[in-house]
Amino acid sequence: MRHVVVVGASLAGLRAAEAVRRAGHDGDLTIVGAEVHPPYDRPPLSKRVLTGTAEAGATALEASDDLGADWLLGRSVTAVDPFGRRLKIGPAGGSGGGETLGYDGLVIATGAHPRRLPGLSDVAGVHYLRTLDDAVALRAELVGSPRVAVIGAGFIGAEVASSCRERGVEVTVIEALPVPLGRALGDEMGRVCAGLHHAGGATLLTDARVAALVTGRERVEGVRLADGRLVAADVVVVGVGVSPTVGWLAGSGIDLDDGVRCDARCRVLAGGRPLPEVVAAGDVARWEHPGWDEVVRVEHWTNAVEQGEAAGTTLVRGEEAPLFSPVPYFWSDQYKVKIQFVGRMAPGDQVTVVEGSVAERRFVAAYGRHGRLVGALGFNRPARVMAYRRMIAAGAPYPAENP
């Protein structure tokens, strides 16, 4: 390959670019990013950047000194021809037009974007948190102790609420489901997470559906719930999940199904067949996980790092590259509690607290399915959770002896 192009100046894109170089590519390397910022870390945005304990510049990711890449930042890829190996590039946020860029190898790492609630956009005081600019804008609004309403009690919503409480800001979390994080951790452990909001001084409303925003003088003043209740708010943060950024791939012939479909080596599929010169990584990639025998898409930091490295290696080495079969891992910091999860949870899994105390918020809970250990959740037990990750990779039975 003479020229490799990475679309997405993201964590996954950067790690893929580095892996391409390590695997032996010494030709041209171009990284295209829609944001004007070089690659940066997203986890601090809802935590240290929002609380003001870290400046925006502290999130920057350092690239290898020998990366030797040409950076096209503030630019969007609007279309791709994977069979002619050409990209159409225009200004960020633009559509059509622009210049054509050829490639021999392509990495798709465009990540995801926040889901928007109808009628809740373009109102002053309403925020979504995904980018560095989003975090800086939201932090400015938290000055002066406003009343904050967070729509969605997922990981981003919970972290925003926790950061607000750390700043001494009044916050109400509105969750449509009966239990926060029930889909990610199961109802039993979701209720434990609900207790963090209560202990941290946030108001948590569950089974609460949003009907409309209440506005006055062109700015948000509250959130009206479906049952008629009004949550007064000067600032509203919407955190109801993300969608993979694949609009630019429409009509390309690449298989799209809740992301970019890939095989077990991160090679992108077109008509069900892998394209050896196109790979994908990070939040946008949905791949055939050989260890779990299912097609998965994982939206967490560790996967972006590991899959970026795997995809970049595959692009250069092809069939010589190993299958990508990680045990998923993610973490969240909420109300001074480090929450970590390894593995894959599914409805109906058995859950057993195998170490520590739930009451003291220092424990490990193991998840089992068909007699096999498939997951582990830890509160303030980082080293122990990593031990369970190794057990899951080894196919340990459930219930398992403590590692």
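To be clear, the structure that these remarks concern was listed above.
Basis of the calculations
- Residues numbered from 1 in each chain as written.
- Predicted model: local features only at pLDDT ≥ 70, side-chain atom pairs only at ≥ 80, totals over all residues.
- Heavy atoms only, no water.
- Salt bridge = Lys/Arg side-chain N within 4 Å of Asp/Glu carboxyl O.
- Helix = DSSP H or I, 4+ residues; strand = E, 2+ residues; numbered from the N terminus.
- Buried < 20%, exposed > 50% of the residue type's maximum accessible area, 1.4 Å probe, protein only.
- Expected span 1.5 Å × (residues − 1).
- 1 Å grid on protein atoms, 1.4 Å probe; cavity = no way out; pocket = protein on both sides within 12 Å on 5 of 7 lines; lining within 4 Å.
- Points joined across faces, edges and corners; volume = space filled by probe spheres on them.
- Nonpolar A, V, L, I, M, F, W, Y, C, P; charged D, E, K, R; others polar.
- Phe/Tyr/Trp six-rings, centres within 6.5 Å; stacked < 30°, edge-to-face > 60°.
- Lys NZ or Arg CZ within 6 Å of the ring centre and 35° of its normal.

Our next topic: the pattern of salt bridges. In this structure the tally under the stated criterion is 25 salt bridges. The salt bridge partner of Glu306 is Arg389, with a shortest N-O separation of 3.3 Å. One end of the pair, Glu306, is in helix 7 (residues 301-317); the other, Arg389, is in helix 8 (residues 382-393), with 83 residues separating them in the sequence. For Glu306, a relative accessible area of 24% gives the class partly exposed. Judged by its relative accessible area of 17%, Arg389 falls in the buried class. Ionic contacts of the salt-bridge type, sharing partners, join the residues Asp263, Arg265, Arg267 and Glu319 into one network.

What follows concerns helix 6 (residues 187-200). In this model, helix 6 (14 residues) spans 20 Å end to end at C-alpha, consistent with the 20 Å of a helix rising 1.5 Å per residue. All buried positions along helix 6 are accounted for by Met189, Gly190, Val192, Cys193, Ala194, Leu196 and His197. Just beyond helix 6, the residue with positive phi is Gly201, at close to 90°.

Let us now look at the layout of surface pockets. Size it by volume and the second largest pocket reaches roughly 160 Å³. Along the walls of the second largest pocket sit 14 residues, with Lys47, Ser162, Ser163, Glu166 and Asp333 positioned nearest its centre. Elements supplying a minimum of two residues to the lining of the second largest pocket: helix 2 (48-51), helix 4 (155-166), strand 23 (329-334) and strand 24 (337-343). If one sorts the elements of the lining of the second largest pocket by residue count, helix 4 sits on top with four residues. Here the lining of the second largest pocket is built from residues that sort into two nonpolar, five polar and seven charged.

This part takes up the packing of aromatic side chains. Here the distance between the centres and the angle between the planes together describe a pair of aromatic rings. Evaluated as defined, the whole model comprises seven aromatic pairs. On the numbers, 6.1 Å between centres and 25° between planes, the contact of Tyr329 with Trp331 is stacked. By relative accessible area, Tyr329 is classed as buried at 13%. Assessed through its relative accessible area of 22%, Trp331 is described here as partly exposed. Chaining the aromatic ring pairs together yields one cluster made of Phe155, Phe330, Phe341 and Tyr367. Seen from the ring of Tyr128, Arg116 lies directly overhead, with NZ or CZ sitting 4.0 Å from the centre. Looking at Arg372, its charged tip hangs above the ring of Trp292, at a distance of 5.5 Å from the centre.

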